[in-house]
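# Results of the structural survey
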Amino acid sequence: MGYVGWALLGMVGYSLVTLLVKLATRAGDVSSSYVLAIAVSIVGLGAWAIALLRGDFAGFVLSDLAKPSALWSFATGIALIVAVASLFRALSLGPATEVVPIYGMFVVGGALLGIVFLNEPVTYRKLLGILFAALSIYLIAR
């Protein structure tokens, strides 16, 4: 499966996440952090299982944790917990029809960060797409 297939699978998965968080928290008997703790435990176990089964830790030594790629991985974890914890909290407080589009602005943010920091090519078509994405999210959320 190519990157488009994986992206589509991820989109379906994340779409289900928002629904499932709302279902888990809407009765008010569990908090968003309770749901988050269970969910990330499952994610963590799954990620370790996938990496181990793929052999991604073959030849791993402790000093690998000081390499730049490991440091970027740690930063990724921090950003991910902020993103997901914030999403879960927002979903527990507000309607999914507003929370999800606002959260979805990460598409615009990610595209702009790719252009600015990764020197990815920018075209008028890409910029127009980013503008329309931001506009559509604004229209959906309001």
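Let us now look at the overall build of the protein. The helix and strand tally for the protein stands at six helices and zero strands. Walking the protein from its N terminus toward its C terminus, one meets helices and strands in the order α-α-α-α-α-α. Dimensions of the protein, computed from the C-alpha atoms along their principal axes, are close to 50 × 50 × 30 Å. Within the protein, the fraction of its 142 residues that count as buried is 17%.

A word on the pattern of salt bridges. A full pass over the atoms with the stated rule returns two salt bridges. A salt bridge links Arg 54 to Asp 56, with the nearest nitrogen and oxygen atoms 3.1 Å apart. For Arg 54, a relative accessible area of 62% corresponds to the exposed category. Residue classification places Asp 56 among the partly exposed residues on the basis of a relative accessible area of 45%. Between Lys 67 and Asp 64 there is a salt bridge, and its shortest N-O distance comes to 3.1 Å. On the accessibility criterion, Asp 64 (19% relative accessible area) is buried.

Take the nonpolar core next. In this structure, Val 21, Val 35, Leu 36, Val 84, Leu 87, Phe 88, Leu 91 and Val 99 together form the largest nonpolar core, which totals eight residues. Of all the elements, helix α3 (residues 68–93) adds the most residues to this core, at four residues.

The next subject is the environment of Leu 131. Relative to the helices and strands, Leu 131 resides in helix α6 (residues 124–141). A residue is classified by how much of its surface remains accessible, and Leu 131, at 53% relative accessible area, is exposed.

Turning to the packing of helix α5 (residues 106–117) against α6, a few remarks are in order. The description of two packed helices rests on the angle between their axes and on the distance between the axes. Put simply, α5 and α6 touch, their axes get as near as 10 Å, and they point 155° apart. Judged by the angle between their axes, α5 and α6 are roughly antiparallel. Considering the relative orientation of α5 and α6, their crossing is left-handed. Residue-level inspection shows Val 108, Ala 111, Leu 112 and Ile 115 of α5 in contact with α6, the latter providing Ile 130, Ala 133 and Ala 134. Residue composition of the contact of α5 with α6, grouped by class: seven nonpolar, no polar and no charged.

This brings us to helix α2 (residues 32–54). Over its 23 residues, α2 extends 32 Å from the first C-alpha to the last, a length consistent with the 33 Å expected when each residue adds 1.5 Å. Every buried residue belonging to α2 is among Ser 32, Val 35, Leu 36 and Ala 51, and all of these are buried. Those residues of α2 that are buried lie in contact with α1 (3–25) and α3. Gly 55 occupies a position one or two residues after α2 and carries a positive phi of about 80°.

Inspection of the entire model under this criterion finds four aromatic pairs. Summarising the aromatic geometry, the rings of Tyr 14 and Tyr 103 are spaced 6.3 Å apart at their centres and angled 45° between planes, so their arrangement reads as tilted. Of the two residues, Tyr 14 is situated in helix α1 and Tyr 103 in helix α4 (residues 96–103); the sequence distance between them amounts to 89 residues. Ring plane angle 80° and centroid distance 5.9 Å describe the contact between Phe 57 and Phe 60, whose orientation is recorded as edge-to-face.

What counts as what
Residues numbered from 1 in each chain as written. Predicted model: local features only at pLDDT ≥ 70, side-chain atom pairs only at ≥ 80, totals over all residues. Heavy atoms only, no water. Helix = DSSP H or I, 4+ residues; strand = E, 2+ residues; numbered from the N terminus. Buried < 20%, exposed > 50% of the residue type's maximum accessible area, 1.4 Å probe, protein only. Salt bridge = Lys/Arg side-chain N within 4 Å of Asp/Glu carboxyl O. Core = buried A, V, L, I, M, F, W, Y, C linked by side-chain atoms within 4.5 Å. Axes fitted to C-alpha atoms, helices over the stretch in contact; angles between N-to-C directions. Parallel < 35°, antiparallel > 145°, perpendicular 65-115°, else oblique. Left-handed = near helix turned anticlockwise from the far one by under 90°. Contact = heavy atoms within 4.5 Å. Nonpolar A, V, L, I, M, F, W, Y, C, P; charged D, E, K, R; others polar. Expected span 1.5 Å × (residues − 1). Phe/Tyr/Trp six-rings, centres within 6.5 Å; stacked < 30°, edge-to-face > 60°.

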